[in-house]
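Below, each chain spelled out in residue letters.
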Amino acid sequence: MTNPLVEASRLVLIGSAASRAMSPDLWNPVLRELGNGWTYEPWDVPAGGDLLRTRGRLLEPDILAANVTMPHKHWAAEAADRVTGPVRLSGACNLLVREDRELVGHNTDITAAEVLLGGTSHRHALLLGAGGAARAALIALRGNVGAVSITDQDSRAAEELTDLGLELGIDSRTVTWRAAQDLAAGVSLVVNATPIGKDSSDGPAWGSAPLAPDAVLYDFVYARHATSSVARARGLGVRCIDGWDHLREQAVAMVPLLDLDGRVRGLLQETLEDLRERS
């Protein structure tokens, strides 16, 4: 049983490179300003790590919730005792909230993508990657896209995401990475849902092709440098939604789920702007 004498106060981030993520730097100043005694800490859990033990740790009485990032979003969906509709639909979870001895799974990536895409219609979207972030983008696009082309180094993952698109009523197809690079110049939305860009030496995720004048880039990667994808797109005059934008909206979506003070939204924005300036 949960110890009633222990107060839940810890938020954590689970991922293979959690200690290099920006989320602790975003949340901890906000939590200090609130003065509620909460903290946010990274848990590095490599692919193939002891996820059963990780789940057990999440049920400790001082744990509030856990954000989940690559490569564990599918695991989190399966590890949850109860899940929301978006998690059930996407098969991916990026937030586990502890409720006594149960974990409730949410997908705030989908909420963030819906906010940032704003219901804008796209004639053709190109999804680079087929993991949890790509699933969030695909679901956010339903009803607002003519066609979607999907590629991933894991062809099976790309095919599974294509099947999900078809189930959602989206004209979806799997393409090779080379074909995706050829398509980039003609689509109206490019979504980079791969790690390409985390390293400052990476080139644009779609290669060297130009982008269409009406294109939008949605780059899920956030780093202490401007990614090559964003730099290239901006140089072409293309509107960009970058990983910092997504990080902000994903965090804002957590506010009601954690019953946080309404001030948190403004504090998150201020802290994020400070992080960007320092980066």
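Treat the numbers as computed from the prediction; the structure is a model and nothing was measured. (Residues numbered from 1 in each chain as written. Predicted model: local features only at pLDDT ≥ 70, side-chain atom pairs only at ≥ 80, totals over all residues. Heavy atoms only, no water.)

J.: Mind showing me how you'd approach the sheet that holds strand S7 (residues 122–128) here?
T.: Strand pairing in a sheet relies on backbone hydrogen bonds, with the paired strands running either antiparallel or parallel. Taking strand neighbours across the sheet as the criterion, the six strands line up as S9-S8-S7-S10-S11-S12 in an open arrangement whose pairing is parallel. Two strands lie at the open edges of the sheet, namely strand S9 (171–174) and strand S12 (239–241), each paired on one side alone. Strand after strand, the sheet turns through a mean of 15 degrees between neighbouring axes, direction not considered. Across three bridges, the pairing between strand S11 (residues 216–219) and S12 is parallel. Residue pairing in the sheet places Val216 in a bridge with Arg239 of S12. Sheet strands touched by helix H5 (residues 108–117): S7, strand S10 (189–192), S11 and S12. Its angle to S11, the strand with the most contacts, is close to 160 degrees. (Pairing = 2+ DSSP bridges. Helix = DSSP H or I, 4+ residues; strand = E, 2+ residues; numbered from the N terminus. Axes fitted to C-alpha atoms, helices over the stretch in contact; angles between N-to-C directions. Contact = heavy atoms within 4.5 Å.)

J.: When you look at the sheet that holds strand S1 (residues 10–15) in this model, what are you seeing that I'm missing?
T.: Taken in spatial order, the six strands make up an open sheet running S2-S1-S3-S5-S6-S4, and their pairing is mixed. Two strands bound the open sheet, and with one partner strand each, they are strand S2 (39–44) and strand S4 (82–83). As paired elements, strand S3 (residues 63–68) and strand S5 (residues 95–99) share three bridges and run antiparallel to each other. Paired with Asn67 across the bridge in S5 is Leu95.

J.: Looking at this model, I keep getting lost on the environment of Pro46. Mind explaining?
T.: Within the secondary structure, Pro46 is located in the loop between S2 and helix H2 (51–58). Separated by 38 residues in sequence, Pro46 and Thr84 place their C-alpha atoms 26 Å apart. Contact partners of Pro46, with chain neighbours within four places excluded, come to Ser16 and His72.

J.: Would you mind showing me how to read the environment of Gly118 here?
T.: Residue position: Gly118 is located in the loop between H5 and S7. Assessed through its relative accessible area of 55%, Gly118 is described here as exposed. Along the backbone, Gly118 and Glu160 are 42 residues apart, and their C-alpha atoms lie at a distance of 26 Å. (Buried < 20%, exposed > 50% of the residue type's maximum accessible area, 1.4 Å probe, protein only.)

J.: Which parts of the structure should I look at to understand the pairing of S9?
T.: Strand residues, when the strand is regular, have side chains that alternate between the two faces of the sheet. By the bridge criterion, four bridges tie strand S8 (residues 145–151) to S9 in an arrangement that is parallel. For Ser149, the partnering residue across the bridge sits in S9 and is Arg173. As for the winding sense of the linkage, the β-α-β connection from S8 through helix H7 (residues 155–167) to S9 is right-handed. (Right-handed = clockwise from strand over helix to strand, strands pointing away.)

J.: Would you mind going over the side chain of Asp245 with me for this structure?
T.: Tracing the backbone through its elements, the reader meets Asp245 in helix H10 (residues 243–257). The class for Asp245 is buried, based on a relative accessible area of 15%. Not counting residues within four places of it along the chain, the set of residues in contact with Asp245 comprises Leu116, Cys240 and Arg276.

J.: What am I meant to see in the pairing of S2 here?
T.: Summarising the sheet, S1 and S2 pair through six bridges and their orientation is parallel. Each bridged residue has a counterpart across the sheet, and for Arg10 the counterpart in S2 is Thr39. For the crossover from S1 across helix H1 (residues 23–34) to S2, the handedness is right-handed.

J.: How do you make sense of the nonpolar core when you look at a structure like this?
T.: Among the nonpolar cores identified, the biggest contains 31 residues, and Leu11, Trp27, Leu258, Leu260, Val264 and Leu268 are the most heavily contacted of them. Among the elements of the structure, S1, H1, S3, S5, H10 and helix H11 (264–278) are those that each provide at least two residues to this core. Per-element tally for this core: the top contributor is H10, with six residues. Excluding its chain neighbours within four sequence positions, the residues that come into contact with Trp27 are Tyr40, Asn67, Ala251, Met254, Leu260, Val264 and Leu268. (Core = buried A, V, L, I, M, F, W, Y, C linked by side-chain atoms within 4.5 Å.)

J.: I'm lost on the pattern of salt bridges in this one. Help?
T.: Opposite charge on two side chains allows them to pair when their charged atoms are near. Inspection of every chain in the model, using the stated rule, returns 15 salt bridges. Of the charged contacts in the structure, one is a salt bridge between Asp245 and Arg248, with a shortest N-O distance of 3.3 Å. Of this pair, Asp245 and Arg248 both sit in helix H10, three residues apart, roughly one helical turn. Accessibility expressed as a relative area gives 16% for Arg248, which makes it buried. (Salt bridge = Lys/Arg side-chain N within 4 Å of Asp/Glu carboxyl O.)

J.: Any chance you could explain the side chain of Asp242 here in plain terms?
T.: Looking at the secondary structure, you find Asp242 in the loop between S12 and H10. Not counting the four nearest positions on each side in its chain, Asp242 is found in contact with Asp219, Val230, Arg234 and Arg276.

J.: How should the environment of Lys198 be read in this particular structure?
T.: With respect to the helices, strands and loops of the structure, Lys198 is situated in the loop between S10 and S11. Residue classification places Lys198 among the partly exposed positions, given a relative accessible area of 46%. Expressed as a C-alpha distance, the spacing of Lys198 and Gln250, which sit 52 residues apart in the sequence, is 19 Å. Once residues within four sequence positions are removed from consideration, Lys198 is found in contact with Met70, Val221, Tyr222, Ala223 and His225.

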